[in-house]
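# Secondary and tertiary structure notes
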There are 2 protein chains.
Amino acid sequence: MTDLTIIGTGNMARGLAARAVAAGRSVQLLAHEDRAKAEALATELGGTITPGVLGDQLTGAMVIPAVYFDASRAIAEQYGDALNGKVYVDITNPVDFATFDSLSVPADSSAAEELQKVTGAKVVKAFNTTFAATLTDGTVAGHPLDVLIAGDDADAIQAVAGFASAAGLNPVVVGPQRRARQLEHMGFLHILLSASDELPAYQWNSALKVIPAA
Amino acid sequence: MTDLTIIGTGNMARGLAARAVAAGRSVQLLAHEDRAKAEALATELGGTITPGVLGDQLTGAMVIPAVYFDASRAIAEQYGDALNGKVYVDITNPVDFATFDSLSVPADSSAAEELQKVTGAKVVKAFNTTFAATLTDGTVAGHPLDVLIAGDDADAIQAVAGFASAAGLNPVVVGPQRRARQLEHMGFLHILLSASDELPAYQWNSALKVIPAA
């Protein structure tokens, strides 16, 4: 067993795995197709990372697919009952990339809720408002990243918050799973700002944060 | 003529009028029913504020109803053609206060878009993610407030951005009017955090902000 299973070897997988190493958590890291990519990232990041490939038996009590929404849903369906009871962290922003103008999930739903329809895992929304590049360090301009968390299962929420906290981040439990609707609109807006040539101050290394009064 | 017309004498009207005074802008301040409330607030804030009451002829090229969504729509309908060509700033968060669980506008629309349906003014979304108490100073923990702005008319957007900038705030033009959908979900989430007894760090004096890399 490992603490976490992270699926993917892209930038978000790298950032999340880096935070896991910082938190002292053991990780199963599954490449989508090419085991060598997981092996290379495990070697690069150090810590306790066991590389593998999608389809391997899941060893993490918490599974974080660091992939796009459609791929995450396919993974949930692929593993089926093997996910029952696990924590399934939905980090996705289901942007309609054809138009870059809206979300691809129904307006009265969210990626997290759509994932919950196809899995017996406890789906928790988190890390969809933190960019990959910022997870590597965990801070932006000296501010720990806010990790906004929405879920319906108290233990699952606490598991995700505990991971964020151990990783040096600032977990903020915002409410039930359907609050993912708000979080996905926030993530989408943050993406739009970062993608805009007219807003050079906001790039993929910026952080969306709630600043408390001093 | 005045630079702005602010409608309302509540906390948001107070905050916005304080920023207008700081920016050196002249203000027509219309109380909803009680002219004396506008007179008292004008005296308190100083600057160039002309008090009045709802129904007075609008003297501001930019009209900012600092009221709830339903009241703002009623104001737009009341003034009718007198608003044509003016900038109408929608600061509202159309929260369903019966459930405190969703927005009251259709899921594929926004308060700004709903207002645009009933007015010939140029509706610009802005100031819905800045709390009243923070507008009084314009900063939170040393950070100038982000004013996220969405609209379809370039001149109207620039007018709102220019006001925010002159008031010492940080205007961020996020895109067309329909981006108000994202801004309203963000404002709603910020309200939920501030209203939560479990999150003492986030109160009505916090700021939602995009932090650029240092």
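In this text the structure is predicted, and so the values were computed from the model without any measurement.

## A few points about the sheet that holds strand β3 (residues 49-53) of chain B
Residues and elements named next belong to chain B. On the basis of which strands lie adjacent, the open sheet formed by 8 strands has the order β3-β2-β1-β4-β5-β6-β9-β10 and mixed pairing. Sheet topology places β3 and β10 (170-175) at the edges, where each strand pairs with a single neighbour. The average undirected angle you get between the axes of adjacent strands in this sheet is 25 degrees. With 4 bridges connecting them, strand β5 (residues 87-90) and strand β6 (residues 122-125) associate as parallel partners. Residue pairing in the sheet places aspartate 90 in a bridge with lysine 125 of β6. Across the sheet, helix α6 (residues 154-166) touches β1 (2-7), β4 (60-65), β5, β6, β9 (146-151) and β10, and the angle it forms with β9 is around 170 degrees.

## Digging into the pattern of salt bridges
For the structure on display, the rule yields 20 salt bridges over all chains. Glutamate 184 of chain B is the partner of lysine 125 of chain B in a salt bridge, and the nearest nitrogen-oxygen pair spans 2.7 Å. Remark: glutamate 184 of chain B occurs in helix α7 (residues 180-195) and lysine 125 of chain B occurs in strand β6; sequence separation between them is 59 residues. Here lysine 125 of chain B falls in the buried class, since its relative accessible area comes to 0%. Looking at glutamate 184 of chain B, the relative accessible area reads 0%, which means it is buried. Among the charged side chains, a salt-bridge network with shared partners connects Asp90, Lys125 and Glu184 of chain A.

## Thoughts on the relation of the copies chain A and chain B
Here chain A sits on chain B after a turn of 180 degrees about the axis and a move of 0.0 Å along it, with an RMSD of 0.0 Å. Taken together, the rotation and translation describe the operation of a two-fold axis. Comparing contact sets, 100% of the residues at the interface of chain A also lie at the interface in chain B, consistent with an isologous, same-surface contact.

## A look at the pairing of strand β9 (residues 146-151) of chain A
Residues and elements named next belong to chain A. Judged by how many residues are buried, β9 sits mostly within the fold: 6 of 6 residues are covered. As judged from the 2 bridges shared by strand β6 (residues 122-125) and β9, these two strands associate in the antiparallel manner. If you follow lysine 125 over to β9, its bridge partner there is alanine 150. Alignment of β9 against strand β10 (residues 170-175), held across 5 bridges, turns out to be parallel. Looking across to β10, one finds that isoleucine 149 is bridged to valine 173.

## Examining the packing of aromatic side chains
Counted by the stated rule, this structure contains 8 aromatic pairs over all chains. Centroid distance phenylalanine 131 of chain B to tryptophan 204 of chain B: 5.0 Å. Interplanar angle 65 degrees. Geometry classified as edge-to-face. You can see phenylalanine 131 of chain B sitting in the loop between β6 and α5 (132-137) and its partner tryptophan 204 of chain B sitting in the loop between α7 and β11 (207-211), a full 73 residues away along the chain. Here phenylalanine 131 of chain B falls in the buried class, since its relative accessible area comes to 10%. Each residue in the set Tyr68, Phe97 and Phe100 of chain A is aromatic and connected to the rest through ring pairs, giving one cluster.

Conventions adopted
Residues numbered from 1 in each chain as written. Chains lettered and ligands numbered in written order. Predicted model: local features only at pLDDT ≥ 70, side-chain atom pairs only at ≥ 80, totals over all residues. Heavy atoms only, no water. Pairing = 2+ DSSP bridges. Helix = DSSP H or I, 4+ residues; strand = E, 2+ residues; numbered from the N terminus. Axes fitted to C-alpha atoms, helices over the stretch in contact; angles between N-to-C directions. Contact = heavy atoms within 4.5 Å. Salt bridge = Lys/Arg side-chain N within 4 Å of Asp/Glu carboxyl O. Buried < 20%, exposed > 50% of the residue type's maximum accessible area, 1.4 Å probe, protein only. Least-squares fit on C-alpha atoms with pLDDT ≥ 70 in both. Phe/Tyr/Trp six-rings, centres within 6.5 Å; stacked < 30°, edge-to-face > 60°.

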